[in-house]
Amino acid sequence: MDRAYLKDKKRVVVKIGSSTITHASTGNLNLLKMEKLVRVLIDLRNQGKEVVLVSSGAIAVGRTAMGLKEKPRQTALKQACAAVGQAKLMMVYQKLFAEYNQVPAQILMTKYTMINDVSRDNAQNTFRELLNMGVIPIVNENDTVSTDELEFGDFGDNDTLSAIVAALINADMLILMSDIDGLYSDDPHNNPDAVYIDYVETITEELEEMGKGAVTSVGTGGMATKIAAAKIATDSGADMVIANGEDINIISSIMEGQKIGTLFKAHKDDNFKLMDYLQTKQYKK
Ligand SMILES: Nc1ncnc2c1ncn2[C@@H]1O[C@H](COP(=O)(O)OP(=O)(O)O)[C@@H](O)[C@H]1O
Ligand SMILES: N[C@@H](CCC(=O)OP(=O)(O)O)C(=O)O
């Protein structure tokens, strides 16, 4: 599958997982990686593309700031960690953006932002104005007031959130940066025979089964939530790539059409309505 057409993408959402922006050994922020990430995103913006970053990491950052050794399990503790971590995360992003004389914007969303018509319109308007002004919005779930992501893992994890954001703003591209090169036939950390899949035309039930493996100690959703995200993104008309965040510069290479990561092909479903999707049972609560 020739990916040269990816060069023409105009509006891109990039999601960065906790495992990508923190050091596995200590849980501290990987500042070099964040620095590169900010440079790559601003460069895409300088090429005339509209860019949104969905950044995880609030809980992981808050947890290390509070000196907790283990991944927190209780919801209230996760929320407290997120409250500390989100502020710290944005402080670092602001500092890095300032090096290029840019200011990021913070958008924190919950399921209710999306299912309430007024809030959803407000969020959409805010994204539009920010992108018009050339600002790169940095999105995360509002973990301190929302328990959906933390308890149920449905809105939930930022993989789904990034796809919902992509659909909300009519993005034509979604890139999920993870700790793995893309989709395999099974979790390669547990199954050495797992086979790499570089292109997905249609998301079948068999494919969904492949993502049911484990989750890393800092990550949330594993591959299952990335496949769920791919469904939303590709139905809404955005191509999606899952790639390894080890080398952040590959974001530019992906946008240049290089064959990196697993590509899920967009197939605009004319019947796809974000609201219908959000009305499915897990979003009704
Ligand atoms: N079929 C699969 N292909 C690739 N990775 C898988 C698969 N099933 C489970 N995984 C796991 O998903 C992990 C990535 O998800 P996650 O831990 O949530 O990280 P992130 O912070 O990127 O969201 C991989 O490290 C891998 O162990
Ligand atoms: N909103 C949470 C992240 C949840 C999440 O999806 O994490 P990840 O699997 O690392 O993308 C946080 O900022 O800690």
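Going by the annotation in an unreviewed UniProt entry, the name recorded for the protein is Glutamate 5-kinase, with Anaeromicropila populeti given as the source organism.

Engineer: Looking at this structure, how should I read the environment of glutamate 201?
Structural biologist: On the secondary structure map, glutamate 201 appears in the loop between β8 (199–200) and α9 (205–210). A sequence separation of 128 residues divides glutamate 201 from arginine 73, and the C-alpha atoms of the two residues are 37 Å apart.

Engineer: How should the sheet that holds strand β1 (residues 11–16) be read in this particular structure?
Structural biologist: Backbone hydrogen bonds are what pair the strands of a sheet, in a parallel or an antiparallel way. With mixed pairing, the 8 strands of this open sheet are ordered in space as β3-β4-β2-β1-β5-β9-β10-β8. A strand with exactly one partner marks an edge of an open sheet, and here the two such strands are β3 (105–109) and β8. Strand direction decides the pairing type here: β1 and strand β5 (residues 173–178), joined by 5 bridges, are parallel. Note that in β5 the partner of valine 12 across the bridge is methionine 173. The sheet strands contacting helix α6 (residues 117–132) are β2 (50–55), β3 and β4 (137–141), and the helix crosses β3 at an angle near 165°.

Engineer: Quick question: what am I supposed to make of the nonpolar core here?
Structural biologist: A general feature of soluble globular proteins is that nonpolar side chains tend to end up buried together. Grouped together as the largest cluster of nonpolar side chains are 70 residues, with contacts concentrated most on Val14, Leu53, Ala166, Leu174 and Ile175. The element contributing the most residues to this core is helix α10 (residues 222–236), with 7 residues. Ignoring anything within four residues of it in the chain, the contact list for leucine 53 reads Val14, Ile16, Leu41, Ile136, Ile138 and Val139.

Engineer: Where do I start with the UniProt feature "binding site: ATP" (unreviewed entry) in the protein in this structure?
Structural biologist: Taking the numbering used here, the UniProt-annotated feature "binding site: ATP" (unreviewed entry) corresponds to Lys15, Ser178, Asp179, Thr220, Gly221, Gly222, Met223, Ala224, Thr225 and Lys226. With respect to the helices and strands, the residue serine 178 is situated in strand β5. Those residues in contact with serine 178 that lie beyond four places of it in its chain are Gly17, Ser19, Thr20, Ile242, Asn244 and Gly245.

Procedures and definitions
- Residues numbered from 1 in each chain as written.
- Chains lettered and ligands numbered in written order.
- Predicted model: local features only at pLDDT ≥ 70, side-chain atom pairs only at ≥ 80, totals over all residues.
- Helix = DSSP H or I, 4+ residues; strand = E, 2+ residues; numbered from the N terminus.
- Pairing = 2+ DSSP bridges.
- Contact = placed C-beta atoms within 7 Å.
- Axes fitted to C-alpha atoms, helices over the stretch in contact; angles between N-to-C directions.
- Core = buried A, V, L, I, M, F, W, Y, C linked by C-beta atoms within 7 Å.
- Buried ≥ 20, exposed ≤ 12 C-beta atoms within 10 Å, placed from the backbone.
- UniProt positions renumbered as here; feature names shortened; annotations may be inferred.

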